[in-house]
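Chain residues, written in single-letter form:
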Amino acid sequence: MDLGLKGRRALVLGASRGLGRAIAVTLAAEGASVVLCGRNREALAEVAATIAGAGGDATPLTLDLADRAGVDAALATLGDVGIDILINNGGGPPPGPVASVESDVWSRQFEVMVNALFRVTAHVLPGMRARQWGRIVNIVSSGVVQPIPNLGISNALRASVVGWAKTLAGEVAADGVTVNSVLPGRIHTERVDSLDAAAATRSGKTVAEIAAASRATIPAGRYGTPQEFADVVAFLASERASYVTGALMRVDGGAIRSI
Ligand SMILES: NC(=O)c1ccc[n+]([C@@H]2O[C@H](COP(=O)([O-])OP(=O)(O)OC[C@H]3O[C@@H](n4cnc5c(N)ncnc54)[C@H](OP(=O)(O)O)[C@@H]3O)[C@@H](O)[C@H]2O)c1
């Protein structure tokens, strides 16, 4: 299937590693030009070199989603270049009991996990609407359907993104812009390794024991790969998914138990 991505321009947040990296590499392999965002300049350069080495087109754009002025300045460097595809992605919050989250932690996490995504979207959306074509894909979590114990900040704040996305999808559908959210269950990235390591420290078990117990809760019996996740995102970002909007797409090996 030709995804129709040749000549499209994508802005991928959190592109320096993990899911965002896999998405950027996959979109580029399908012929899109990608702008790679994140804080780690060296890691972004490595992803850009990987994409260029495979014959693709990638431009690193260093930004910190916690820094409003910095994000605005970085986006301004794009000039009049229209973004057709926006991948709203970034770092996850620290684990811990939700009952003891301090007020200023809520504010900081809202800024980076929610408000920053809204602001970047507001920057690219007018161009998408004017060109009557756009794809916005938000990377959230299985926790928006089945809240994950000890990840209360994620459960709470990603629900905001999902509510916003559904509302926005209705507002822009007639302009050819789709807005969808993708829910990773457990996809094997550095973040999953660090969450397993934190759980091992908390429980006194080994990381291998924690990972085995986690895999045992997934009907597929394993963690997903970043490529399996990126392939679904690439489809939602493609020409082929033109009539899919306002959706929550699970990529979880069956981990979410509800319909
Ligand atoms: N992997 C899973 O199974 C899973 C499951 C549920 C939810 N999620 C969520 O999906 C998202 C991506 O997952 P992942 O596993 O790929 O996470 P990850 O390995 O931690 O990658 C996060 C990405 O976001 C970037 N980032 C973090 N903070 C940033 C900031 N302040 N400004 C700009 N960029 C920032 C990081 O790059 P820099 O460090 O270069 O900034 C990195 O590229 C995360 O929010 C995660 O919580 C993942």
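The residue numbering used here restarts from 1 in each chain and proceeds along that chain's sequence as written. Reporting of local features is limited, given that this is a predicted model, to residues whose pLDDT is at least 70; pairs of side-chain atoms are given and counted only at 80 or more, and all residues count toward the totals for whole chains, interfaces and linings. To get the side-chain values, all heavy atoms of the structure are used, and hydrogens and water are removed first.

Heads up, the rule is: UniProt positions are given in the numbering used here, feature names are shortened, and annotations may be inferred rather than shown by experiment.
By the naming in an unreviewed UniProt entry, the protein is SDR family oxidoreductase, taken from Siculibacillus lacustris. On record in UniProt, under Sequence similarities (unreviewed entry), the comment for the protein is "Belongs to the short-chain dehydrogenases/reductases (SDR) family."

### Some points on the pairing of strand β1 (residues 9–12)
Let me state the cut-off plainly: Strand pairing is assigned whenever DSSP detects at least two bridges linking the two strands. Each helix is a run of H or I in the DSSP string that is no shorter than four residues. Each strand is a run of E no shorter than two, and both are numbered from the N terminus. A right-handed crossover is one whose linking path, passing over the helix from the first strand to the second, runs clockwise when the strands point away from the viewer.
Sheet topology note: the β1/strand β2 (residues 33–38) ladder contains 4 bridges and is parallel. Note on β2: the bridge partner recorded for A10 is V34. At this point the chain moves from β1, through helix α1 (residues 18–29), to the parallel β2, and the crossover so formed is right-handed.

### Examining the site of the ligand
What counts here: Near, as used in this document, describes a residue that has one of its heavy atoms within 4 Å of the molecule or strand being considered. Pairs of N or O atoms are called polar contacts if they sit within 3.5 Å, as long as, within protein, a hydrogen donor faces a hydrogen acceptor (for residues adjacent in sequence, only side-chain-to-side-chain pairs). Reported accessibility uses the Shrake-Rupley method at a 1.4 Å probe radius. Residues are deemed covered only where the shown protein chains occlude them. Gly is put with the polar residues, along with every residue not named as nonpolar or charged; the nonpolar set is Ala, Val, Leu, Ile, Met, Phe, Trp, Tyr, Cys and Pro, and the charged set is Asp, Glu, Lys and Arg.
By nearness alone, 28 residues border the ligand, and R39, G90, R158, I187 and T189 come closest of all. A distance of 2.7 Å separates an oxygen atom of the ligand from a polar atom in the backbone of G90. The separation between an oxygen atom of the ligand and a polar side-chain atom of R158 is 2.7 Å. Considered on its own, the ligand offers 870 Å² of accessible surface; in the complex 93% of this is hidden by protein. When contributions to the shell around the ligand are tallied by element, the ones reaching two or more residues are α1 and α6 (190–203). Classifying every residue of the shell around the ligand gives 10 nonpolar, 12 polar and 6 charged.

### Topic: the packing of helix α3 (residues 68–76) against helix α4 (residues 103–131)
Packed helix pairs are characterised by how far apart their axes lie and by the angle those axes make with each other. Operational definition: Think of each axis as a best-fit line through the C-alpha atoms, taken over the contacting stretch in the case of a helix, with angles from 0 to 180 degrees between the N-to-C directions. Here is the rule for angles: anything less than 35 degrees is roughly parallel, anything more than 145 is roughly antiparallel, 65 through 115 is roughly perpendicular, and the remaining ranges are oblique. Here a crossing is called left-handed whenever its near helix is offset anticlockwise from the far helix by less than a right angle, and right-handed whenever the offset is clockwise. Contacts were defined at the residue level, with two residues in contact if any of their heavy atoms lie within 4.5 Å.
Running from N to C, α3 and α4 cross one another at 30°; their axes reach a closest spacing of 11 Å. What the angle tells us is that α3 and α4 run roughly parallel. Where α3 crosses over α4, the handedness of that crossing is right-handed. Residues R68, V71, D72 and L75 of α3 touch α4, and the partners they reach there are E111, N115, R119, V120 and H123. In the contact of α3 with α4, the residues fall into 3 nonpolar, 2 polar and 4 charged.

### Here's the deal with the side chain of S33
Along the chain, the position of S33 falls in strand β2. Dropping the residues within four chain positions of it, S33 is found in contact with R8, R9, A10 and D57.

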